[in-house]
Amino acid sequence: MSTSTQPSFPVKQKHLCLNLKGHKTDLIISSYDDHYLVIATQLGTMGTILHARFGIS
């Protein structure tokens, strides 16, 4: 597994490269003020996108 962190402008990002069941898998996690964007791909193109927000209750 390898990781890299990009400069925080304009958005903080973390890139992970994993080997899942013999397939190279890239995860990119972008941190915004009120939410995260998680992108997973095994093809080098936009794969599964998950969107999560912090909830204040």
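Owing to the predicted nature of the structure, the values given are computational and were not obtained by experimental measurement.

Enquirer: So what exactly am I meant to see when it comes to the overall build of the protein chain here?
Expert: A tally of regular secondary structure across the protein chain gives 0 helices and 5 strands. For the protein chain, buried positions account for 19% of its 57 residues. Taking the contacts inside the protein chain whose residues are at least 6 apart along the sequence as the reference set, 0% of them involve residues at least 24 apart.

Enquirer: Whenever I open this one, unusual backbone geometry confuses me. Can you help?
Expert: For residues besides glycine, phi is generally negative; the peptide bonds are generally trans as well. The phi dihedral of Lys-21 falls on the positive side, at around 50 degrees, and the residue is not glycine. Turning to its location among the elements, Lys-21 is positioned in the loop between β2 (12–20) and β3 (23–31). Look at Lys-21 and you get exposed, because its relative accessible area is 83%.

Enquirer: What should I look at first to understand the environment of Tyr-36 in this one?
Expert: Among the structural elements, Tyr-36 can be located in strand β4 (residues 35–41). Given a relative accessible area of 37%, Tyr-36 falls into the partly exposed group. In sequence terms Tyr-36 and Lys-12 are 24 residues apart; their C-alpha atoms lie 9.8 Å from each other.

Enquirer: Would you mind going over the side chain of Ser-30 with me for this structure?
Expert: Positionally, Ser-30 belongs in strand β3. Separated by 3.4 Å, the side chains of Ser-30 and Gln-13 make a polar contact. Among residues more than four places away in sequence, those in contact with Ser-30 are Val-11, Lys-12, Gln-13, His-35, Tyr-36 and Leu-37.

Cut-offs and rules
Residues numbered from 1 in each chain as written. Predicted model: local features only at pLDDT ≥ 70, side-chain atom pairs only at ≥ 80, totals over all residues. Heavy atoms only, no water. Helix = DSSP H or I, 4+ residues; strand = E, 2+ residues; numbered from the N terminus. Buried < 20%, exposed > 50% of the residue type's maximum accessible area, 1.4 Å probe, protein only. Contact = heavy atoms within 4.5 Å. Polar contact = N/O pair within 3.5 Å; in protein donor to acceptor, adjacent residues only side chain to side chain.

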